[in-house]
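Given next are the chains, with one letter for each unit.
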Protein chains: 2
Amino acid sequence: MAITVVGSVAFDTVETPAGRYERQLAGAATYFSLASSFFTDVRVIAVVGEDFGPEQEAVFKARNIDTTGIERASGKSFFWEGSYLENLNEAKTHNTELNVFATFNPQIPDSYRDSEFLFLANIDPVLQRRVREQMPDVKLVAGDTMNYWIKDHKPALLEMLKGLDMLLINDTEARMLAGNNNLLQAARGVIAMGPHTLIVKHGEYGATAFFSEKSFAVETVPHPFRAPALPLEEVVDPTGAGDSFAGGFFGYLASQGEMTPAVFRRAMFYGSVMGSYACERFGTERLQQLTREEIDKRFLIFRELTHLD
Amino acid sequence: MAITVVGSVAFDTVETPAGRYERQLAGAATYFSLASSFFTDVRVIAVVGEDFGPEQEAVFKARNIDTTGIERASGKSFFWEGSYLENLNEAKTHNTELNVFATFNPQIPDSYRDSEFLFLANIDPVLQRRVREQMPDVKLVAGDTMNYWIKDHKPALLEMLKGLDMLLINDTEARMLAGNNNLLQAARGVIAMGPHTLIVKHGEYGATAFFSEKSFAVETVPHPFRAPALPLEEVVDPTGAGDSFAGGFFGYLASQGEMTPAVFRRAMFYGSVMGSYACERFGTERLQQLTREEIDKRFLIFRELTHLD
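Residues numbered from 1 in each chain as written. Chains lettered and ligands numbered in written order. Predicted model: local features only at pLDDT ≥ 70, side-chain atom pairs only at ≥ 80, totals over all residues. Heavy atoms only, no water.

Visitor: Break down the overall build of chain A for me, with residues and values.
Guide: Counting secondary structure elements, chain A contains 11 helices and 13 strands. Against the globule reference of 19 Å for 309 residues, chain A gives a C-alpha radius of gyration of 18 Å, in line with a compact fold. Dimensions of chain A, computed from C-alpha atoms along their principal axes, come out at roughly 55 × 45 × 35 Å. In chain A, buried positions account for 59% of the 309 residues. Taking contacts inside chain A between residues at least 6 apart in sequence as the whole, the part at least 24 apart equals 64%. (Helix = DSSP H or I, 4+ residues; strand = E, 2+ residues; numbered from the N terminus. Rg over C-alpha atoms; globule rule 2.2 N^0.38 Å. Buried < 20%, exposed > 50% of the residue type's maximum accessible area, 1.4 Å probe, protein only. Contact = heavy atoms within 4.5 Å.)

Visitor: Provide a residue-level description of the pattern of salt bridges, including the pertinent values.
Guide: Side chains that differ in sign of charge can pair as their charged atoms come close. Inspection of the entire model under this criterion finds 34 salt bridges over all chains. Salt-bridge contacts for A:Asp296 lead to A:Arg292; the nearest nitrogen and oxygen are separated by 3.2 Å. Of this pair, A:Asp296 and A:Arg292 both sit in helix H11 (residues 292–306), 4 residues apart, which is roughly one turn of that helix. The exposure class assigned to A:Asp296 is partly exposed, which follows from its relative accessible area of 29%. Where B:Glu133 meets B:Arg129, a salt bridge forms, and the shortest distance between an N and an O atom there is 3.2 Å. You can see B:Glu133 and its partner B:Arg129 sitting in helix H3 (residues 125–134), 4 residues apart, about one turn around the helix. In this structure, a network of salt bridges that share partners links the residues A:Glu15, A:Arg20, A:Glu22 and A:Glu81. (Salt bridge = Lys/Arg side-chain N within 4 Å of Asp/Glu carboxyl O.)

Visitor: If you had to explain the sheet that holds strand S1 (residues 3–6) of chain A to someone new, which residues and values would you point to?
Guide: All names here are of chain A. Taken together, the 9 strands give an open sheet; going across it, the order is S5-S4-S1-S8-S9-S10-S11-S12-S13, and neighbouring strands pair in mixed fashion. With one partner strand each, in any of the chains shown, strand S5 (66–72) and strand S13 (225–227) form the two edges of the open sheet. Pairs of neighbouring strands in the sheet enclose a mean axial angle of 15°, with direction left out of account. Summarising the sheet, S1 and strand S4 (residues 42–48) pair through 4 bridges and their orientation is parallel. Residue pairing for S4: Thr4 is matched across the bridge by Arg43. Strands S4 and S5 of the sheet are contacted by helix H2 (residues 54–62), whose axis makes an angle of about 155° with S5. (Pairing = 2+ DSSP bridges. Axes fitted to C-alpha atoms, helices over the stretch in contact; angles between N-to-C directions.)

Visitor: Before we move on, could you go through the packing of helix H9 (residues 261–278) of chain A against H11(A) and cite the residues and values that matter?
Guide: All names here are of chain A. Running from N to C, H9 and H11 point in directions that differ by 110°, and their axes come no closer than 9 Å. Between H9 and H11, the angle falls in the class roughly perpendicular. Helix-helix and strand crossings are classified by hand; for H9 and H11 the assignment is right-handed. Touching Arg266, Phe269, Tyr270, Ser272, Val273, Met274, Ser276 and Tyr277 of H9 are Arg292, Glu294, Ile295, Asp296, Arg298, Phe299, Phe302, Arg303 and Thr306, all from H11. (Parallel < 35°, antiparallel > 145°, perpendicular 65-115°, else oblique. Left-handed = near helix turned anticlockwise from the far one by under 90°.)

Visitor: Talk me through the environment of B:Asn105; I want residue IDs and the actual numbers.
Guide: Residues and elements named next belong to chain B. If you trace the backbone, Asn105 turns up in the loop between strand S7 (92–97) and strand S8 (117–120). For the pair Asn105 and Asp237, spaced 132 residues apart in the sequence, the C-alpha separation amounts to 31 Å. Beyond its immediate sequence surroundings of up to four residues, Asn105 is in contact with Glu71 and Arg130.

Visitor: An account of the pairing of strand S2 (residues 10–16) of chain B is needed here, citing residue identities and associated values.
Guide: All names here are of chain B. The buried count for S2 comes to 6 of 7 residues, which makes it a mostly enclosed element. Hairpin connection, S2 to strand S3 (residues 19–26): the antiparallel pair is bridged by 2 residues. Pairing analysis gives 6 bridges linking S2 to strand S6 (residues 78–83), with the strands arranged parallel. The partner of Asp12 across the bridge, within S6, is Trp80.

Visitor: Report on the interface of chain A and chain B, specifying residues and quantitative values.
Guide: With 37 residues of chain A at the contact, the number on the chain B side is 36 residues. Taken together, the two surfaces of chain A and chain B that pack against each other cover about 3300 Å², and 49% of this comes from carbon and sulfur. Broken down residue by residue, the surface that chain A buries against chain B is led by A:Tyr205, A:Arg226 and A:Leu308, which jointly contribute 25%. The interface formed by chain A and chain B holds 4 salt bridges in total. (Buried area = accessible area lost by both parts, 1.4 Å probe.)

Visitor: Can you break down helix H6 (residues 171–178) of chain B residue by residue, with the values?
Guide: All names here are of chain B. Every buried residue of H6 is accounted for by Asp171, Glu173, Ala174, Arg175 and Leu177. Those residues of H6 that are buried lie in contact with helix H4 (147–152), helix H5 (154–161), strand S10 (166–170), helix H7 (183–191) and strand S11 (197–201). For H6, the capping residue at the N-terminal end is Asn170, with a side-chain oxygen 3.1 Å from the backbone nitrogen of Thr172. Once H6 ends, the next one or two residues include Gly179, with phi positive near 65°. (Polar contact = N/O pair within 3.5 Å; in protein donor to acceptor, adjacent residues only side chain to side chain.)

Visitor: Can you tell me about the packing of H6(B) against H7(B), naming the residues and giving the values?
Guide: Residues and elements named next belong to chain B. At a closest axis distance of 8 Å, the pairing of H6 and H7 adopts a crossing angle of 65°. Crossing hand, H6 versus H7: left-handed. Side by side, H6 and H7 meet where Asp171, Ala174, Arg175, Leu177 and Ala178 of the first sit next to Leu183, Ala186 and Val190 of the second. Taken together, the residues of the contact of H6 with H7 break down into 6 nonpolar, no polar and 2 charged. (Nonpolar A, V, L, I, M, F, W, Y, C, P; charged D, E, K, R; others polar.)

Visitor: An account of the packing of aromatic side chains is requested, with residue identities and associated values reported.
Guide: Here the structure, examined in full by the defined rule, presents 41 aromatic pairs over all chains. On the numbers, 6.3 Å between centres and 90° between planes, the contact of B:Phe39 with B:Tyr252 is edge-to-face. Taken together, the positions of B:Phe39 in the loop between helix H1 (28–36) and strand S4 (42–48) and B:Tyr252 in helix H8 (residues 241–255) put the pair 213 residues apart, joining distant regions of the chain. B:Phe39 sits in the buried class, given a relative accessible area of 10%. Assessed through its relative accessible area of 6%, B:Tyr252 is described here as buried. Centroid distance B:Phe39 to B:Tyr270: 5.2 Å. Interplanar angle 70°. Geometry classified as edge-to-face. Taken as a pair, B:Phe39 in the loop between H1 and S4 and B:Tyr270 in helix H9 (residues 261–278) lie far apart in primary sequence, 231 residues in all. Like B:Tyr270, B:Phe39 is buried. Chaining the aromatic ring pairs together yields one cluster made of A:Phe39, A:Phe225, A:Tyr252, A:Phe269, A:Tyr270 and A:Phe299. Looking at A:Arg23, its charged tip hangs above the ring of A:Phe79, at a distance of 3.8 Å from the centre. Above the ring of B:Phe38, the side-chain terminus of B:Arg63 is found at 3.6 Å from the ring centroid. (Phe/Tyr/Trp six-rings, centres within 6.5 Å; stacked < 30°, edge-to-face > 60°. Lys NZ or Arg CZ within 6 Å of the ring centre and 35° of its normal.)

The structure is reproduced here in structure tokens:
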């Protein structure tokens, strides 16, 4: 089943202990769509500026990602500059320029309308909601957000959350959103805001899913489920790891005919696999060069990483 | 097979968001021996002062722990005061009084000499080494240490590490000991110092084991193995969780006839189970009241927490 994703297609300047790159193709929707494209058909909604040319377009095309919904506007694309010099787990933002995103009014191409899966990557919750409302018939909606929207745009965020089936955020965001430092209690608080399932991303420690009675068509609510992360020889660039996790997770879900606890668990592992690959090179480089065979090989390593038998 | 453990038997004053207690029985060897006593015979080597009376002795006796090696000295027992008010993952130390531990010269009772497993809980590495040298015939030696010894007693610590098969420390300690922020590289560095296997404890994110060619009698060195931790409804008191992890882990290992990757993995899960129980009440309270049935029940929840099938 096809996924439509709305989010940023952007340019990043990033410095990590391994090096630095300037104005390379990035953005949550880019990482998400590259990662999910290994599992299913992916369609992007975003806005880019005049700096988005054939070279950037080709990155999507090479993975068969539908770019009909990427609007070209005059001006520059969204730009982010950050570094991970002291802490590989948390970016330090040096500069954010919304540019063409400041006046973005997302439109859904007709050819996207039969998408059964919708992912609202981290952008203004007002835009996320607008896209959600234009696609009332999707089967499953998941989304992401960040501390900025939680702190300064909470009413809009809470409205958006009501339209989600699943939310994927990190530890700090989950605790901040629920106003509760205990993760289990915070998860319950977030689930009461709308999404029936919450995935909390722990960076190098993996991710944990929290369920409710609406998560699956099963009688008992499953215990939380934790997917590990792989200890890596070198974390070259953690940018986009969370979006790649989301892409692997949601892409695998969309590729399966049914939503069972077992399918969900495998999806979490595929999310971790894609997140681990994203960190191995700068920007989207590793995701661009990846093969499905490599993905499935690493899936088996992840299984071994945490299985008793 | 019986375990001998050397370490602190102490009194703690602790404040957590859930409350406060004054001068209660604690110490690494206490938590370790309570946790491991559910799996095998346990014998303690420590020194206590005149404040250690029948009430404290009874806690060990109730779990059939051999206290022959607990020396009574004049003066007060080791005392620690700390709090977890801002961060449940890291204690803030307010006061440490070595007291009788300042002049401790550990003696091995003859009745302990047939112990096949030895655990050197976190104390002065000089003392750890002295005990290690007095028990040259043990089958497996594991130990713990902390930032204080890494920073200010490194030569003695490095000597001690040469006598270990396994080291159990936390993330910060592993990175500090190896002088490397990448966990995989740090693990390799620590393994080069002596122990053939390293377990890195991640607090609420579980623990990861790193192996070398000497870890098992198998041809290929296994990938790292990660045991999860259980998201808890309330973390009442994290004191002793790491020592309880070590006790569950080492106790289960000692209870098994052989050391295979599968046995090791189950031992890691039992470690996580004991660590999770330790946090549920103040001090050693929960470990004192626990049953083996409850342990095995939670083991199954841990399995479900991270298994695909």
